[in-house]
Amino acid sequence: MNLTKLFEMQRVLDERIVKEKGLEGQDLLPQKILALQVELGECAQNWRGFKYWSKDQKPRTIMEHLCTECDGRGQTEDRFGIYDCEGCGGNPVIKTSNPLLEEYIDCLHFILSIGLVDDLYENLSIDLVSLKTDSITKSFIRIFNQIGQLECDFDAYEYQNLIEYFLGLGEMLGFTWEQIEEAYMSKNQTNHKRQDTGY
Ligand SMILES: O=c1ccn([C@H]2C[C@H](O)[C@@H](COP(=O)(O)OP(=O)(O)OP(=O)(O)O)O2)c(=O)[nH]1
């Protein structure tokens, strides 16, 4: 797991956002902390395993995106007959995505971004481990607590704990490091494209 490369990519993205939004010199740490809490909540929402009151506790790991030209029917119709849709050629599922992984990756962006504040990440120990608890629910709670703890004591010790519990959560959710890295690269690129198009 090479976090150095991800920190460098995150730095480029963050500096670009700050420049393009005219936020130079502003302390964005509170916003980043809250953004991480929100994304972590969205990640839990897509995991769903804590919803003991519901029959539907299945993680949202596959979402089908349907062709908009035929509204997912695969076919179009006119007065002469029914034809395969020109947009999708009759295969209306144009892509699938993994909402749970995507929310985890948004969290990773903000965790890296927080580590870049005051160069906190430079004091991380080289041997990062992944820390687990005895359930995914408790890992989510642990990470929420750890974010609060880091907000009180903004130091490398609390930051390292946050990363290590977050890495442990990724494993407990079934993600490999290769999957996480690839998804990070892809979302990082999307975030750049958003800046290109004035998001
Ligand atoms: O300084 C920043 C600010 C944002 N991001 C990234 C993190 C995350 O990948 C994305 C913001 O989250 P999301 O993609 O969910 O955007 P949103 O604007 O919150 O989405 P929505 O409009 O769906 O609420 O921007 C950074 O990397 N650095």
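Because the structure is a prediction, the values reported are computed rather than measured.

Peer 1: For this particular structure, what's the right way to read the site of the ligand?
Peer 2: Taken together, Gln10, Leu13, Asp14, Ile17, Glu39, Asp106, His109, Phe110, Lys187, Asn191, Arg194 and Tyr199 form the complete shell of residues around the ligand. Between Lys187 and the ligand, the recorded distance is 2.6 Å, taken from a side-chain N or O atom to an oxygen atom. Between Arg194 and the ligand, the recorded distance is 2.8 Å, taken from a side-chain N or O atom to an oxygen atom. Here the ligand, which alone exposes 600 Å², has 63% of that area covered by the protein. Counting residues per element, the ones that place at least two in the shell around the ligand are helix H1 (3-20), helix H3 (99-116) and helix H6 (177-196). Of all the elements, H1 adds the most residues to the shell around the ligand, at four residues.

Peer 1: Can you walk me through H6 in this structure?
Peer 2: Along an α-helix, residues three or four apart share an orientation, since each turn contains 3.6 residues. For H6, which comprises 20 residues, the first-to-last C-alpha distance of 29 Å matches the rise-based estimate of 28 Å (1.5 Å per residue) to within 8%. All of the buried residues in H6 are Trp177, Ile180, Glu181, Ala183, Tyr184, Lys187, Asn188, Asn191, His192 and Gln195. Where H6 terminates, the next one or two residues include Gly198, which has phi positive at roughly 70 degrees.

Rules used throughout
Residues numbered from 1 in each chain as written. Predicted model: local features only at pLDDT ≥ 70, side-chain atom pairs only at ≥ 80, totals over all residues. Heavy atoms only, no water. Near = heavy atom within 4 Å. Polar contact = N/O pair within 3.5 Å; in protein donor to acceptor, adjacent residues only side chain to side chain. Areas by Shrake-Rupley, 256 points an atom, 1.4 Å probe, with all protein chains shown as cover. Helix = DSSP H or I, 4+ residues; strand = E, 2+ residues; numbered from the N terminus. Expected span 1.5 Å × (residues − 1). Buried < 20%, exposed > 50% of the residue type's maximum accessible area, 1.4 Å probe, protein only.

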